[in-house]
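Chain residues, written in single-letter form:
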Amino acid sequence: MNSKQVVLITGSSTGFGRLFAETLARKGHTVFATMRDPGGRNAKNASEIRALAEKDSLPIHVLEMDVTDDASVERAVNAAIAKAGRIDVAINNAGYYLSGLEEAVTTEQAQRLMATNFIGPVRVNRAVLPHMRRQGSGVLMHISSAAGRVVLPSVGFYCASKFALEALAEAYSYELAAQGIESVIVQPGAYETAVFGNTVTAADEARTHTYGAVKEFPAKINGALSSGAGNAQEVADAVLRIIETPAGEKQLRYFVSPKNYGVEEINALAKQVQGNVLEAFGLAADTQFLKGKAVGAV
Ligand SMILES: NC(=O)c1ccc[n+]([C@@H]2O[C@H](COP(=O)([O-])OP(=O)(O)OC[C@H]3O[C@@H](n4cnc5c(N)ncnc54)[C@H](OP(=O)(O)O)[C@@H]3O)[C@@H](O)[C@H]2O)c1
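Predicted model, so just to flag it, every value in this text is computed and none were measured.

Asks: Please provide a residue-by-residue account of the overall build of the protein chain, values included.
Replies: Regarding its fold elements, the protein chain presents 10 helices and 12 strands. Since a compact globule built from 298 residues should have a radius of gyration of about 19 Å, the 19 Å found for the protein chain is in line with a globular shape. By its C-alpha atoms, the protein chain is 60 × 55 × 35 Å across when sized along the principal axes. Split into buried and exposed, the 298 residues of the protein chain put 49% on the buried side. For the protein chain, the accessible area works out to roughly 13,300 Å², and carbon and sulfur atoms hold 54% of it. Taking the average location of the 29 positive side-chain charges in the protein chain and that of its 30 negative ones, the two points are 4 Å from each other.

Asks: How would you summarise the site of the ligand if you had to cite specific residues and measurements?
Replies: Taken together, 30 residues lie near the ligand, and Ser 13, Asn 93, Tyr 158, Tyr 191 and Thr 193 sit nearest. Note that an oxygen atom of the ligand is positioned 2.6 Å from one of the side-chain N or O atoms of Thr 193. Relative to its unbound accessible area of 880 Å², the ligand is 95% covered by the protein chains. For the shell around the ligand, the secondary structure elements donating two or more residues are α1 (15-26) and α6 (156-176). Partitioned by chemical class, the residues of the shell around the ligand number 11 nonpolar, 15 polar and four charged.

Asks: Describe the packing of aromatic side chains, naming the residues involved and giving the relevant values.
Replies: In this structure the tally under the stated criterion is four aromatic pairs. Between Tyr 97 and Tyr 158 the ring centres are 5.1 Å apart and the planes differ by 85 degrees, which places this aromatic pair in the edge-to-face class. You can see Tyr 97 sitting in the loop between β4 (89-92) and β5 (98-99) and its partner Tyr 158 sitting in helix α6, a full 61 residues away along the chain. Just as Tyr 97 is buried, Tyr 158 falls in that class too. Here the aromatic rings of Tyr 97 and Phe 196 are separated by 6.4 Å at their centres, their planes lie at 80 degrees, and the arrangement is edge-to-face.

Asks: An account of the pattern of salt bridges is needed here, citing residue identities and associated values.
Replies: For the coordinates displayed, the defined rule picks out 14 salt bridges. Taking the shortest distance from any N to any O, the salt bridge between Glu 48 and Arg 18 comes out at 2.4 Å. Taken together, the positions of Glu 48 in helix α2 (residues 43-55) and Arg 18 in helix α1 put the pair 30 residues apart, joining distant regions of the chain. Given a relative accessible area of 23%, Arg 18 falls into the partly exposed group. With its nearest N and O atoms 2.7 Å apart, the salt bridge here joins Glu 166 to Arg 253. Of the two residues, Glu 166 is situated in helix α6 and Arg 253 in strand β11 (residues 253-256); the sequence distance between them amounts to 87 residues.

Asks: Provide a residue-level description of the nonpolar core, including the pertinent values.
Replies: Of all hydrophobic cores here, the largest spans 34 residues; its most connected members are Phe 20, Ile 91 and Met 141. When residues in this core are grouped by element, the largest group, seven residues, is from helix α9 (residues 233-243). Here Met 141 is in contact with Ala 90, Ile 91, Asn 92, Val 184, Val 186, Val 239, Ile 242 and Ile 243, once residues within four sequence places are set aside. Core analysis: the second largest hydrophobic core is formed by 23 residues, Val 73, Val 77, Ala 90 and Val 124 among them.

Asks: So what's going on with helix α8 (residues 217-227)? Residues and values would help.
Replies: Burial in α8 covers these residues: Pro 218, Ile 221, Asn 222 and Leu 225. Along α8, the residues classed as buried sweep out an arc of 95 degrees about the axis, all on the same side. Residues of α8 that are exposed and angled more than 90 degrees away from the buried face: Ala 219, Lys 220 and Ser 227. Along its buried surface, α8 packs onto β5.

The rules we used
Residues numbered from 1 in each chain as written. Predicted model: local features only at pLDDT ≥ 70, side-chain atom pairs only at ≥ 80, totals over all residues. Heavy atoms only, no water. Helix = DSSP H or I, 4+ residues; strand = E, 2+ residues; numbered from the N terminus. Rg over C-alpha atoms; globule rule 2.2 N^0.38 Å. Buried < 20%, exposed > 50% of the residue type's maximum accessible area, 1.4 Å probe, protein only. Areas by Shrake-Rupley, 256 points an atom, 1.4 Å probe, with all protein chains shown as cover. Lys, Arg positive; Asp, Glu negative; His and termini not counted. Charge placed at Lys NZ, Arg CZ, Asp CG, Glu CD. Near = heavy atom within 4 Å. Polar contact = N/O pair within 3.5 Å; in protein donor to acceptor, adjacent residues only side chain to side chain. Nonpolar A, V, L, I, M, F, W, Y, C, P; charged D, E, K, R; others polar. Phe/Tyr/Trp six-rings, centres within 6.5 Å; stacked < 30°, edge-to-face > 60°. Salt bridge = Lys/Arg side-chain N within 4 Å of Asp/Glu carboxyl O. Core = buried A, V, L, I, M, F, W, Y, C linked by side-chain atoms within 4.5 Å. Contact = heavy atoms within 4.5 Å. Arc of directions from axis to C-beta.

Next comes the structure, spelled out in structure tokens:
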């Protein structure tokens, strides 16, 4: 594979996605920075990215993509293929945080969260995989979270969306290894992005008010998360290192965090247990699980 790769990123208007776009493009990778509504609500973000690309001659192309919309995802993937001829890496980054006591989250809020954080990557992966299979190579990257491995009260739905993403990404890794396609998971801890400003809160306040002191959990947790948040460039630098790791040598999971909550230990134990499970089903060799796939921090 050419060392300069073609990378499609979802949710590039702000935060990690935007930093990934700039960080990867500065190293010569061609980036399709996709976002919702670049001609409207995100017009300022889109024009800042385009201006930066022009000023510093960076290979960044802004495309419209709403990960909850089939036609929008297809259009963006087709446009990237038409321009670059291939997609080497798809970074499933678009997502948001939902905070509040679980009983106070409406079913509509729960469905919307899963539609973005979980079904969004399903849709994007289904759109890019036929191209990666044709190429015989590619990387599906999933921006999960430490909350994809540990659970906090008042974060249950967000955790569920990231646990779901982790399960899917891991299953992809077993199924696609034989076709030269890697599936990797990045698990950031808390980092300074627009995520806290974009947080959705549980809508059923009447139920929240019946919880006494427990109703203070969300404020306590969100205060601790935002006050301990690290510099998001750390995650972008990790993503660059992962993308530049040769095919076949990438880990399944990368934990990147200002604080160690023990997620690496969970990852290491899960790797061992998964190895046993695949072995027991006679699948260890077929999934290439035992051939150098490791977990750890970057
Ligand atoms: N920051 C952290 O501490 C942290 C930690 C762990 C994991 N994460 C994960 O990192 C990812 C990026 O978040 P961030 O921290 O960079 O927050 P952010 O600055 O709020 O960025 C989220 C991005 O997702 C986009 N998005 C939301 N719904 C979308 C949709 N339907 N279609 C396309 N794009 C959509 C947003 O676009 P709009 O501008 O259109 O809303 C925005 O570009 C998320 O998956 C988040 O769960 C963040």
